[in-house]
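Remarks on the overall topology
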Amino acid sequence: MSQTTMIKLLEIHSVQAAQLFASYCHSLKLQVSVVVQSAQQAELWCDEQQQAEVEQLWLEFIQQPGHPRYQAAAWQQAEPALSSGRSGLSGYWQQLWAQGGVLTHLIWLAAVLVFGWQQLAPWQAVSALQLQADYGLSLAQGWRWLTPAWLHFSGAHLVFNLIWVWYLLGPVEKRSGKLLATALVLAALLPSHLLQFVLAGSNFGGLSGLVYGLFGFYWICGWLKPAWGYQLSPGLIGFMLLWLVIGFADLLWIPMANWAHLGGLLGGMGLAAVLALTGRR
């Protein structure tokens, strides 16, 4: 895994200024990230080994924030999405690809292919991938302890989950490597599917358990090890927990795999706690 350690440099009462400065640092190949806390507040995080250099650049930035070099860097960072005379989608897909590694892309591809399979042969796909009550808790279920995650029963359900996987799993894989990303996927999906199967039955599917596992991982890492750079805003964490409570209260117009969400959340939190308390990343 990468040995990069991110530390919080400072807090800024201007999200736009933070993003502008970060873009300039990126143009200099420096690892600087922005964590938006609210509409008026953001945090700047940087690689611990680059702290002195970034601090010096920050002092220069606050003296001349309107200097053309900063805006030029911002345009340079945006250039891939605007480049070439082809469809604007090319830049979007480049950004999408760059956000994650092989594991993230495979999860995406498998989910899309399985969804296509469901449209052509729904009963066959569900029968092949869903957990079966007849097998109980035996190892005879084999791959079925993982594969329900790739079953989605609407396009909106699929898109919603893939967006969060891209947003949360991709950075973990890019920053800390495939080993941690794979461990996180397993730590989220196995308890997610086990809890839902035991307490509610086998009729469920979707990557929501993984999404909640990723939320739990970021939440605990941000609390216990903020220097690792896995941060979520308090508002987003609050929304995630509120959505979980609403699901259990059965206030939604759609069926929810609430135990799968809770199992994934606990799995992600547990892995983060183990890594944080043992000091390993």
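Since the structure is predicted, the reported quantities are computational estimates derived from the model, not experimental observations. (Residues numbered from 1 in each chain as written. Predicted model: local features only at pLDDT ≥ 70, side-chain atom pairs only at ≥ 80, totals over all residues. Heavy atoms only, no water.)

Quick word on the environment of alanine 22
To keep it simple, the criterion reads: Here a helix means four or more residues in a row that DSSP labels H or I, a strand means two or more in a row labelled E, and each is numbered from the N terminus. Residues count as neighbours in contact if any of their non-hydrogen atoms are within 4.5 Å of one another.
On the secondary structure map, alanine 22 appears in helix α1 (residues 15-27). When the C-alpha atoms of alanine 22 and tryptophan 58 are compared, they prove to be 9.8 Å apart, with 36 residues separating the residues in sequence. In this view, alanine 22 contacts Val32 and Val34; residues no more than four positions away in its chain are not counted.

Concerning the nonpolar core
Threshold: Only buried residues count toward a nonpolar core, which is a set of Ala, Val, Leu, Ile, Met, Phe, Trp, Tyr and Cys residues joined through side-chain atoms within 4.5 Å. Each residue's exposure class comes from its accessible area (1.4 Å probe, protein chains only) as a fraction of the maximum for that residue type: buried when under 20%, exposed when over 50%, partly exposed otherwise.
Ranked by size, the top nonpolar core spans 45 residues in total, and within it Ile107, Trp150, Val165, Leu207, Leu210 and Phe217 carry the most contacts. Contributing elements (two or more residues each) for this core: α5 (102-120), α6 (122-129), α7 (155-176), α8 (178-200), α9 (208-224), α10 (234-248) and α11 (258-278). The dominant element in this core, judged by the number of residues it contributes, is α9, at 9 residues. Look past the residues within four positions of leucine 210 in its chain and what remains in contact with it is Ile107, Val165, Val185, Ala188 and Leu189. Grouped together as the second largest cluster of nonpolar side chains are 23 residues, Ile7, Ile12, Val32 and Phe61 included.

What to know about the packing of α9 against α11
Threshold: To obtain an axis, a line is fitted to C-alpha atoms, over the contacting stretch when the element is a helix, and the angle between two such axes runs from 0 to 180 degrees between their N-to-C directions. Crossing handedness is defined as follows: a turn of the near helix away from the far one that is anticlockwise and smaller than a right angle gives a left-handed crossing, while the clockwise case is right-handed. Note that Gly is not counted as nonpolar here; it falls among the polar residues with everything else outside the nonpolar set of Ala, Val, Leu, Ile, Met, Phe, Trp, Tyr, Cys and Pro and the charged set of Asp, Glu, Lys and Arg.
At a minimum axis distance of 7 Å, the contact between α9 and α11 shows a crossing angle of 35°. The two elements α9 and α11 meet at a crossing, and its hand is right-handed. On the side of α9, the interface is formed by Ser208, Gly209, Tyr212, Gly213, Gly216, Phe217, Trp219, Ile220, Cys221 and Leu224, while α11 contributes Ala260, His261, Gly264, Leu265, Gly268, Met269, Leu271, Ala272, Ala273, Leu275 and Ala276. When grouped by side-chain class, the residues that make up the contact of α9 with α11 number 14 nonpolar, 7 polar and no charged.

Observations concerning the pairing of strand β3 (residues 41-47)
In summary, the side chains of a regular strand alternate between the two faces of the sheet. Under the convention used in this document: Two strands qualify as a pair provided DSSP detects at least 2 bridges between them.
Of all 7 residues that make up β3, 6 are buried, and the element is covered over most of its length. In terms of strand pairing, strand β1 (residues 6-12) meets β3 through 6 bridges, oriented antiparallel. Across the sheet, the residue bridging to lysine 8 is tryptophan 45, located in β3.

Things to note about the packing of aromatic side chains
Formally: Within 6.5 Å between ring centres, the rings of Phe, Tyr and Trp (the latter by its six-membered ring) count as paired, and their orientation is classed by plane angle as stacked under 30 degrees, edge-to-face over 60, tilted in between.
The final tally for this structure, using the stated rule, is 15 aromatic pairs. Note on tryptophan 164 and phenylalanine 215: the rings are 5.0 Å apart at their centroids and 55° apart in plane angle, and the pair reads as tilted. Of this pair, tryptophan 164 sits in helix α7 while phenylalanine 215 sits in helix α9, placing them 51 residues apart in sequence. Tryptophan 164 gets classed as buried once you look at its relative accessible area, which sits at 16%. An aromatic cluster is defined as three or more aromatic residues linked by ring pairs; in this entry it consists of Phe21, Tyr24, Trp58, Phe61 and Tyr70.

Here's the deal with α8
Stated precisely, the cut-off is as follows: Helices are assigned an expected span. That span is 1.5 Å times one less than the residue count.
Here α8 contains 23 residues, and its C-alpha end-to-end distance of 32 Å stays within 8% of the 33 Å for a straight helix at 1.5 Å per residue. When we look at burial in α8, the residues that qualify are Leu180, Ala181, Leu184, Val185, Ala188, Leu189, Ser192, His193, Gln196 and Phe197. In the segment just after α8, glycine 201 is the residue with positive phi, at about 110°.

Describing the pattern of salt bridges
How we decide: Here, a salt bridge means any side-chain nitrogen of Lys or Arg that lies within 4 Å of a carboxyl oxygen of Asp or Glu.
Inspection of the entire model under this criterion finds 2 salt bridges. Between lysine 8 and glutamate 43 there is a salt bridge; the shortest N-O distance is 3.6 Å. In this pair, lysine 8 sits in strand β1 while glutamate 43 sits in strand β3, placing the two residues 35 residues apart along the sequence. A relative accessible area of 8% means that glutamate 43 is categorised as buried. One salt-bridge network, in which partners are shared between bridges, spans Lys8, Glu11 and Glu43.

Quick look at the packing of α8 against α9
Worth spelling out the cut-off: Orientation categories follow fixed angle ranges, with anything under 35 degrees roughly parallel, anything over 145 roughly antiparallel, 65 to 115 roughly perpendicular, and all other angles oblique.
Here α8 crosses α9 at 120°, and the two axes come no closer than 8 Å. Here α8 lies oblique to α9, going by the angle between them. The two elements α8 and α9 cross, and the hand of that crossing is right-handed. Contacts between α8 and α9 involve Leu180, Leu184, Val185, Ala188, Leu189 and Ser192 from the first element and Gly209, Leu210, Gly213, Leu214 and Phe217 from the second. Classifying every residue of the contact of α8 with α9 gives 8 nonpolar, 3 polar and no charged.

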